[in-house]
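Descriptive structure summary
In case you want the letters, here they are:
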Amino acid sequence: MTSHEPFDEHASRPDGTDSRLSGAAAEPAGRRAGRGSVGDERSDLNLSVTAVVLAGGTSRRFGGAHDDKLDVSLGARSVLDSTLASLPTPWPVIVVGPPRAISREQVTWVQEDPPLGGPVAALARALDVSTGEWIALVAGDTPRGGHALPGLLDAALTMRATSTSCLDGAVAVVDGRRQPLLAVYRADALAAACEAIGNPAGASMRALLASLALAETPVDPGDARDVDTVDDLAFHRARGAS
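Scope of this entry: the structure provided in the associated data block.

Conventions we followed
- Residues numbered from 1 in each chain as written.
- Predicted model: local features only at pLDDT ≥ 70, side-chain atom pairs only at ≥ 80, totals over all residues.
- Heavy atoms only, no water.
- Helix = DSSP H or I, 4+ residues; strand = E, 2+ residues; numbered from the N terminus.
- Buried < 20%, exposed > 50% of the residue type's maximum accessible area, 1.4 Å probe, protein only.
- Contact = heavy atoms within 4.5 Å.
- Areas by Shrake-Rupley, 256 points an atom, 1.4 Å probe, with all protein chains shown as cover.
- Axes fitted to C-alpha atoms, helices over the stretch in contact; angles between N-to-C directions.
- Parallel < 35°, antiparallel > 145°, perpendicular 65-115°, else oblique.
- Left-handed = near helix turned anticlockwise from the far one by under 90°.
- Nonpolar A, V, L, I, M, F, W, Y, C, P; charged D, E, K, R; others polar.
- Arc of directions from axis to C-beta.
- Polar contact = N/O pair within 3.5 Å; in protein donor to acceptor, adjacent residues only side chain to side chain.
- Pairing = 2+ DSSP bridges.
- Salt bridge = Lys/Arg side-chain N within 4 Å of Asp/Glu carboxyl O.

1. Here's the deal with the overall build of the protein chain
- Secondary structure summary: the protein chain contains 8 helices and 7 strands in total.
- The buried share of the protein chain, reckoned over its 242 residues, is 56%.
- Pairs at least 24 residues apart make up 74% of the contacts formed inside the protein chain by residues separated by at least 6 positions.
- Looking at the protein chain as shown, the accessible area adds up to about 10200 Å², and 48% of this sits on carbon and sulfur atoms.

Structure representation (structure tokens):
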């Protein structure tokens, strides 16, 4: 994913949380959402969700073949445009990174401070301008990531309704590993965690999320697959941009 650290590391659950928070879903979140559990049709819940797309990293792991992998074409769309297209249409979107040509309308662009300061700095900047109660987070180089987010939101809401613990969100899990850049978080919990970190530049997602109680939710591995190599690029081109 677009960042400076390996975000597929498996972080431990916070102490004292409900044991059901680990492996909260028996099937991929995106598939449950496909049955209409959460998404555009759940507007009656008056949920306030802001999608945050992290697009400020480098392309070093992409082999240097492209100056900006987010601009690489997957066919009809670029990598970043595909990520944006995968997000639910009603959600407002904040993209953290340098502005690029995109087709999605009504996107708010902000820049982390300092530039290339890492994902925690980017999140902190997005929280400065977001008004949503929930933050739906995805890395800009995850072309199908948005398809998993409604299911993750569904998992978080379900667990909050049934668990005695205070749940702070739901994080995607692939092959037993957390994917913290594909997750939904309560905005106030995330803001408190950012404040506790202090200077967000260069801070790790593991440190940021250490105090949060998260439902670990399986997702379709293809939806969580980012573009780090030419093989990843070939996968998404073969599967379709979105």
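After presenting the structure, the write-up continues.
2. Observations regarding the packing of helix α3 (residues 119-129) against helix α5 (residues 187-197)
- Look at α3 against α5: their axes get within 10 Å of each other, and the N-to-C directions meet at 125°. Considered as vectors, α3 and α5 are oriented oblique to each other. The two elements α3 and α5 meet at a crossing, and its hand is left-handed. Contacts from Leu123, Ala124 and Leu127 of α3 reach α5 at Ala187, Leu190, Ala191 and Cys194.
- Each residue belonging to the contact of α3 with α5 can be placed in one class, and the counts come to 7 nonpolar, no polar and no charged.

3. Some words on helix α8 (residues 230-239)
- Taken residue by residue, α8 has Asp232, Leu233 and His236 as its buried positions. Around the axis of α8, the buried residues are gathered within 100° of arc, so they sit on the same side. Away from the buried face of α8 by more than 90 degrees, exposed residues Val230, Asp231 and Ala238 are located.
- Buried positions along α8 lie against α7 (221-224).
- Looking at where α8 begins, the residue whose side-chain oxygen comes 3.3 Å from the main-chain nitrogen of Asp231 is Thr229.
- Count one or two residues on from α8 and you reach Gly240, which has phi positive near 105°.

4. As for the pairing of strand β7 (residues 214-218)
- Here β7 lies mainly inside the structure; 4 of its 5 residues are buried.
- In this sheet, β7 lies alongside strand β5 (residues 169-174) in parallel orientation, the contact comprising 5 bridges. Paired with Gly169 across the strands is Leu214, a residue of β7.

5. Some details on the pattern of salt bridges
- This model, assessed by the stated rule, comprises 10 salt bridges.
- One salt bridge connects Arg186 with Asp188, and the closest N-O pair in it is separated by 2.5 Å.
- Residue Arg186 is classed as buried on the basis of its relative accessible area of 14%.
- A salt bridge links Asp220 to Arg239, with the nearest nitrogen and oxygen atoms 3.1 Å apart.

6. Here's the deal with the environment of Val93
- Among the structural elements, Val93 can be located in strand β2 (residues 93-96).
- Residues Val93 and Val53 lie 40 residues apart in sequence; the distance between their C-alpha atoms is 7.4 Å.
- Those residues in contact with Val93 that lie beyond four places of it in its chain are Ala51, Val53, Leu84, Leu87, Arg104, Gln106, Val107 and Thr108.

7. Notes on unusual backbone geometry
- A cis amide bond, omega 5°, links Asp113 with the succeeding residue Pro114.
- By the element assignment, Pro114 lies in the loop between β3 (107-110) and α3.
- The backbone phi angle of Gln106 is positive, close to 55°, even though this residue is not glycine.
- In this fold, Gln106 is placed in the loop between β2 and β3.
- Overall, Gln106 belongs to the exposed group, its relative accessible area being 77%.

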